[in-house]
Amino acid sequence: MPPKTRKTSPMERDRRGIQSIEVGGTLLQALVRHGAPMMLRDLAREAGMPPAKAHPYLVSFCKLGLIEQDAATGRYGLGGFSLQLGLTALEQVEPIRAATPAIARLADDLQLNIAIAVWGNRGPTIVRIEECSRPIHVNMRPGTVMTPLMASATGRLFAAFLPERITRPLVDSELAQLGSDEQPALRQSRRHADETITEIRQHGLARALGNPIPGINAFSAPVFDSGNHLTLALTAMGPADSFDPAWDGPIATRLMACAKEISQRLGQSARQA
């Protein structure tokens, strides 16, 4: 008797793809990773296939406009239809919607409250807070504006990664108030702000310890769009006695990873990060 063949379930049949498309897709993925036109041999090697196998796929992709070949150099690069696909996909992604599922998972993972902030007409504005299962008493809600700018991790992040023409006037105004009319105090405050911003850019995220809420620590990480512009801030908050403040600790590391994941979802490439 011939061996019995296993019947596939409807779900398995629905998930069954076309292998040749998946194989050819590795060529497109290789071009995206490389970020520049490639010779056939290099592109095939990057995709893990012989050039003779890669060539027919490239011919078909060229016909579709997914790939184009430079007549002078023979190199293959992404074509006009690939650009149209990318732009259409970006138009369908709304940053807050893209970030919301990720911060829900992160809040559960870290057991910290995670907030999303955007730059509003009055400064950094909280638009969503995902609370973890344990009670964390933070006087913050959607609509809260995080000013003074240099007093919180969220505000500092925007000060570091938004263009200075946007944030500098606000920071200068805050420092003038903090320094009163005494120029030495003002210069010292300006120096401290500049050092803080430099530190944030070096680490790629902002930190606040017991500020502006006593007993609460926070890290804030940037989310960038396809143009490498700051579009969101993700801020993790929790009690100081259980919050690891190390720049390379698990909280900072996981928050940064989450922000980078969302940035890639919004179109930022690995080369921009």
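Our structure is the block above this text.
This report concerns the structure included in the present document. Everything quoted here is computed from the prediction, not taken from an experiment. (Residues numbered from 1 in each chain as written. Predicted model: local features only at pLDDT ≥ 70, side-chain atom pairs only at ≥ 80, totals over all residues. Heavy atoms only, no water.)

1. A word on the overall build of the protein chain
A count of helices and strands for the protein chain gives ten helices and seven strands. Within the span of the protein chain, comprising 273 residues, buried residues form 38% of the whole. Surface exposure of the protein chain reaches about 16000 Å², of which carbon and sulfur atoms provide 53%. (Helix = DSSP H or I, 4+ residues; strand = E, 2+ residues; numbered from the N terminus. Buried < 20%, exposed > 50% of the residue type's maximum accessible area, 1.4 Å probe, protein only. Areas by Shrake-Rupley, 256 points an atom, 1.4 Å probe, with all protein chains shown as cover.)

2. As for helix H3 (residues 40–47)
Every buried residue belonging to H3 is among Leu-43, Ala-44 and Ala-47, and all of these are buried. Down the axis of H3, the buried side of the element spans an arc of 95°, and every buried residue falls inside it. Of the exposed residues in H3, the ones pointing more than 90 degrees away from its buried face are Arg-41 and Arg-45. Buried positions along H3 lie against helix H2 (19–34), helix H4 (51–64) and strand E2 (76–78). Positive phi appears at Gly-48, one or two residues downstream of H3, with a value of about 80°. (Arc of directions from axis to C-beta. Contact = heavy atoms within 4.5 Å.)

3. Notes on the packing of H2 against H3
The N-to-C vectors of H2 and H3 enclose an angle of 105°; their axes lie 8 Å apart at closest approach. Classified by the angle between their axes, H2 and H3 sit roughly perpendicular to one another. Between H2, through Thr-26, Leu-27, Ala-30, Leu-31 and Arg-33, and H3, the contact on the second element is made entirely by Leu-43, Ala-44, Glu-46 and Ala-47. When its residues are assigned to classes, the contact of H2 with H3 shows six nonpolar, one polar and two charged. (Axes fitted to C-alpha atoms, helices over the stretch in contact; angles between N-to-C directions. Parallel < 35°, antiparallel > 145°, perpendicular 65-115°, else oblique. Nonpolar A, V, L, I, M, F, W, Y, C, P; charged D, E, K, R; others polar.)

4. Some details on the pattern of salt bridges
Under the definition given, this model contains seven salt bridges. Glu-46 serves as the salt-bridge partner of Arg-33, at 3.2 Å between the closest nitrogen and oxygen. Placement of the pair is Arg-33 in helix H2 and Glu-46 in helix H3, with a sequence separation of 13 residues. In this structure Glu-46 comes out as partly exposed when scored by relative accessible area, which is 41%. Glu-130 is paired through a salt bridge with Arg-128; the nearest N and O atoms lie 3.7 Å apart. In the salt-bridge network here, residues are joined through shared partners; they are Glu-164, Arg-168 and Asp-172. (Salt bridge = Lys/Arg side-chain N within 4 Å of Asp/Glu carboxyl O.)

5. Structural notes on the sheet that holds strand E6 (residues 216–224)
With respect to topology, five strands assemble into an open sheet ordered E4-E3-E7-E6-E5, the strand pairing being antiparallel. Only two strands of the sheet have a single partner each, and these edge strands are strand E4 (123–130) and strand E5 (206–209). Taking the axes of each pair of neighbouring strands and ignoring which way they run, one obtains an average angle of 25° across the sheet. With four bridges connecting them, E5 and E6 associate as antiparallel partners. The residue bridging Ala-206 from the neighbouring strand is Ser-220, located in E6. Sheet contacts for helix H6 (residues 95–110): strand E3 (113–120), E4 and strand E7 (230–239); angle to E3, the most-contacted strand, approximately 155°. Where helix H7 (residues 153–161) meets the sheet, it contacts E3, E4, E5, E6 and E7, and its direction lies at approximately 35° from that of E6. (Pairing = 2+ DSSP bridges.)

6. Here's the deal with the packing of aromatic side chains
A complete count under the given rule lists four aromatic pairs for this structure. Ring centres of Trp-119 and Phe-158 lie 5.7 Å apart, and the angle between their planes is 40°; this geometry places the pair in the tilted category. Here Trp-119, found in strand E3, pairs with Phe-158, found in helix H7; they are 39 residues apart in sequence, far enough to count as distant. Here Phe-161 and Phe-224 contribute two aromatic rings whose centre-to-centre distance is 5.8 Å and whose plane-to-plane angle is 85°, an arrangement assigned as edge-to-face. With Phe-161 in helix H7 and Phe-224 in strand E6, the pair connects residues that are 63 residues apart, well separated along the chain. The structure contains a cluster of three or more aromatic residues connected by ring pairs, namely Phe-219, Phe-243 and Trp-247. (Phe/Tyr/Trp six-rings, centres within 6.5 Å; stacked < 30°, edge-to-face > 60°.)

7. Let's talk about unusual backbone geometry
Note that the residue after Thr-147, namely Pro-148, is joined by a cis bond; omega there is 0°. Despite not being glycine, Asn-228 shows a phi value in the positive range, around 65°. Here Asn-228 lies in the loop between E6 and E7.

8. Details of helix H10 (residues 250–265)
Helix length check: H10 (16 residues) gives 22 Å between terminal C-alpha atoms against 22 Å at 1.5 Å per residue, within 8%. Turning to H10, its buried residues number three or more, namely Ile-251, Ala-252, Leu-255, Met-256, Cys-258, Ala-259, Ile-262 and Ser-263. Viewed along the axis of H10, the buried residues span an arc of 160°, placing them on a single side of the element. What points out from H10, more than 90 degrees from its buried face, is the exposed set Gln-264 and Arg-265. Phi turns positive, to about 110°, at Gly-267, one or two residues after H10. (Expected span 1.5 Å × (residues − 1).)

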